[in-house]
Amino acid sequence: MTVFSAAQKDGLEQILRLMDAHNLSGADVKKAAAEHKKAQKSEGKESSKGEMILRLFLYMGGALIFAGLSVFIETIWEDIGSLSRVIITLGTGFTAYICGVVFALDKRFEKAATPAFILAFIMQPTGLFVLLDEYFPGDNAALGGMVVFAPLALQQFLTFIKFRYSSLLLYSLLYLLGFAFSFVEYFDLNRGAASLVLGTFLLLTTINMQIKEKFKDLTPLFFVIATVLFFSGVYYFVGRTVFDSIALSLILSLLGFAAIKESKTLYVLSMLYMTAYFCGGPGGGWGGFDWHFYNQVAAVFTGTSLVLAGQWLRRSNYISLHPLWMFLGTGFALGGLYSLFPAALQPVAIAFAGVAIYGALLLKSRAVLAAAVLSMIGFIIAYSAEHFANTIAWPVLLIFFGILVLASGFAFARLAGRIKASA
Amino acid sequence: MKAFLKDNIALVAAIALPALLAVVFALSTLVVRVSVEDPKNDFFIATDYYDNGSRFQFDVNNERLNINYRAAEKDVSYSSKPRLWRVNVPEMTVQEISLNTPGGDGAKTIDIPGVTDIKVVNVSPGPDGYAFVDSYRSGGNIMTEIFSMDSPRGNRQGIAKDGRLVGFKIPDGNNYNYYNSRFLGWVVE
């Protein structure tokens, strides 16, 4: 679903007024926009082709130099002393950082700053670890991580404040995460709580970046790191418990935000998380006690949630496979209801399938309709097989069910046609 | 805000339902904790235990816990030594009972004061109505498998009655222990 900002709404109103004034249809505007885009694209292609080839050579050359330097260092590593080891690692890293700063200060060399900062990002921590290893006693990796990553995170963040390069913000974050995990390890803190706090902080920061449209090139990577940390924290506390469904609420919240604010990465991530949540069945993540009952109740709640989410996703601009969500959701919810009822009350669950058919008409969803009709037939067959299987009426019942299936097929076709006509 | 909620009511309901489910289970957990009485019978369990592959064998006969030992035979390999635990209710603290390997050949019966000379029954549910439940279960949804690796709730065992679960944790327990754990019997004193 697209939610327009006030400025965008003004712009659209102006376009509509111009269309009225010049007697233009929506199709005319769409065609003109497509042609304009095509022309822009081909123009850009021609001008950037040479630039792209040059960039390719630059990247390849840089990579070869870096690889050569690494191989050279590895070859002579055992033959050189401690000071030399520190100089060729930390020295290289710090020099690259200084070069990056110098390049960034001069407009003519601005483009060279980013590769220099990349080199510094790799070599500075390597050099600091070498320095610690060569000159300081002890083998506490966590303490070493704190000593190395804290000053580097500060250095990169201050440099980012000065030059506003998004890559520097990324390096600050990665160093900060390195420091945070070393801190947690050193003080033996709760890893789940640490992941939750860090993940929430990073997720909120990235959401803010997405809303304010700042450093948008970084938000995809930030969303990946943030959601992995966030869900690691969430699952540390609710994983394999009856509170597991909280994770689904959080996933759907992220999905909703991604659809409204049009963040493709977060949308894809949320879709993956949602699929992963339901792989194994509703409530399948709870390795607890009386899990069968839990799964039945979870199927009713999470299945209904899936139907509602699918209904909302129909308005999304992205591919959502919403009919699949609605089909599965209806199946889960009705299946859960049927198995929840005691044998004597199972016909009531069959009536719920009828309610779902009515719901399908309200939601104008053929997926819900198909799932409801199939569930109803399935319930009737399961119920009769359990209660009448050994009676003489069983073959008669089978014939009756055959007629019922045919009638259901006709009813489905008619109702589906009505849904299609009204949609 | 109101307009947003109205416009996206399906999404709001989709988000609220799973959260509501968690609330319902939280409330039901609280209710059963209050309404179902505490467990009264301590019990024994063995971990790292294989019925036929262990030198130590446990069984409950004539209301006594019998521990038998069979010495190593030629060409027969046994699994590692099992561990015997007494779980004290209602605190659910666990106490390891050391199993000393007797010397000599042949089969031997091991007597441990306070363990083999007290009344033990192997019935389910136990005298206080609680039944032993083992939560170990492989699989689950993929989110759980990916993100719950470090969770302290990964594998738990406990006793349950009328929906109330009272769990306990074996110190230094790993998945292997849980997979090969065996409930032995309730202490009736």
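Residues numbered from 1 in each chain as written. Chains lettered and ligands numbered in written order. Predicted model: local features only at pLDDT ≥ 70, side-chain atom pairs only at ≥ 80, totals over all residues. Heavy atoms only, no water.

**Q** Mind showing me how you'd approach a nonpolar patch on the surface here?
**A** Residues and elements named next belong to chain A. Nonpolar side chains collect at one region of the surface, where L143, V147, F183, Y186, F187 and L189 lie side by side and expose about 510 Å² of accessible area between them. Sorting the residues of the nonpolar patch by element identifies α5 (141-163) and α6 (166-186) as the ones contributing at least two each. If you trace the backbone, F187 turns up in the loop between α6 and α7 (191-211). With a relative accessible area of 44%, F187 lands in the partly exposed category. (Patch = residues over 30% accessible without salt bridge, like charges linked within 9 Å, V, L, I, M, F, W, Y side chains within 5 Å. Areas by Shrake-Rupley, 256 points an atom, 1.4 Å probe, with all protein chains shown as cover. Salt bridge = Lys/Arg side-chain N within 4 Å of Asp/Glu carboxyl O. Helix = DSSP H or I, 4+ residues; strand = E, 2+ residues; numbered from the N terminus. Buried < 20%, exposed > 50% of the residue type's maximum accessible area, 1.4 Å probe, protein only.)

**Q** Quick question: what am I supposed to make of the sheet that holds strand β10 (residues 164-168) of chain B here?
**A** Strands pair in a sheet through their backbones, by hydrogen bonds, and they do so in one of two ways: parallel or antiparallel. Residues and elements named next belong to chain B. Ordered by their spatial adjacency, 3 strands build an open sheet running β8-β9-β10, and the pairing between neighbours is antiparallel. At either end of the open sheet lies a strand with only one pairing partner, and these are β8 (131-134) and β10. Looking at each pair of strands side by side, their axes are set apart by 30° on average, direction ignored. Of the strand pairs in this sheet, strand β9 (residues 157-161) and β10 are connected by 5 bridges, and their pairing is antiparallel. Within β10, the residue paired with K161 across the bridge is R164. (Pairing = 2+ DSSP bridges. Axes fitted to C-alpha atoms, helices over the stretch in contact; angles between N-to-C directions.)

**Q** Even after reading the chapter, I still don't get the pairing of strand β4 (residues 83-88) of chain B, so can you show me in this structure?
**A** In the case of a regular strand, side chains alternate between the two sheet surfaces. Residues and elements named next belong to chain B. Most of β4 sits out of view: 5 of its 6 residues are buried. Direction of pairing for strand β1 (residues 43-47) relative to β4: antiparallel, over a ladder of 5 bridges. Paired with F43 across the strands is V87, a residue of β4. The antiparallel pairing of β4 with strand β5 (residues 93-97) creates a hairpin that spans 4 residues between the two strands, and M92 there sits at a positive phi of about 60°.

**Q** Looking at this structure, how should I read the pattern of salt bridges?
**A** Working definition: two side chains of opposite charge can pair if their charged atoms are close together. Applying the stated criterion across every chain, the model contains 9 salt bridges over all chains. Salt-bridge contacts for R191(A) lead to E185(A); the nearest nitrogen and oxygen are separated by 3.8 Å. Here R83(B) ties to E96(B) by a salt bridge, and the two come within 3.0 Å at their closest N and O atoms. One end of the pair, R83(B), is in strand β4; the other, E96(B), is in strand β5, with 13 residues separating them in the sequence. Since its relative accessible area comes to 23%, R83(B) is described here as partly exposed. The exposure class of E96(B) is partly exposed, given its relative accessible area of 40%. Residues participating in the shared-partner salt-bridge network are E37(B), K40(B) and K161(B).

**Q** Which parts of the structure should I look at to understand the packing of aromatic side chains?
**A** Ring pairs (aromatic) are described by centroid distance and by the angle formed between their planes. Residues and elements named next belong to chain A. Scanning all chains against the criterion turns up 32 aromatic pairs over all chains. Ring geometry for Y186 against F187: centres 4.9 Å apart, planes inclined by 90°, an arrangement best described as edge-to-face. Given the relative accessible area of 36%, Y186 is considered partly exposed. Taken together, the ring pairs connect F94, Y97, F117, F163 and Y165 into an aromatic cluster. (Phe/Tyr/Trp six-rings, centres within 6.5 Å; stacked < 30°, edge-to-face > 60°.)

**Q** Hey, could you run me through the domain arrangement of chain A in this one?
**A** Interface size is often expressed as the accessible area that is lost when the parts come together. Residue and element names in this part refer to chain A. Partitioning chain A into domains gives domain 1 (77-189), domain 2 (205-285) and domain 3 (295-410). Distance between the C-alpha centres of domain 1 and domain 2: 30 Å. On the side of domain 2, 8 residues touch domain 1, which itself brings 9 residues to the contact. Carbon and sulfur atoms supply 90% of the area buried between domain 1 and domain 2, which totals about 690 Å² over both sides. By the criterion of area lost to domain 2, the three top residues of domain 1 are S166, L169 and L170, representing 54% of everything that side buries. Applying the counting criterion to the domain 1 and domain 2 interface returns 0 salt bridges. Connecting domain 1 to domain 2 are 1 residue pair in polar contact (both at pLDDT 80 or more). At 7 residues, the largest contribution of residues to the side of domain 1 that touches domain 2 is made by α6. (Domains from an automatic or database assignment. Contact = heavy atoms within 4.5 Å. Buried area = accessible area lost by both parts, 1.4 Å probe. Polar contact = N/O pair within 3.5 Å; in protein donor to acceptor, adjacent residues only side chain to side chain.)

**Q** When you look at unusual backbone geometry in this model, what are you seeing that I'm missing?
**A** With an omega of 0°, the peptide bond between V89(B) and P90(B) qualifies as cis. By secondary structure assignment, the location of P90(B) is in the loop between β4 and β5. Following S124(B), the chain continues to P125(B) via a peptide bond in cis, the omega torsion being 0°. Although it is not a glycine, E213(A) sits at a positive phi angle of roughly 55°. With respect to the helices and strands, the residue E213(A) is situated in the loop between α7 and α8 (219-238). Relative accessible area serves as the criterion here: at 57%, E213(A) is assigned to the exposed category. Of note, N62(B) is a non-glycine position whose phi angle comes to about 50°, a positive value.

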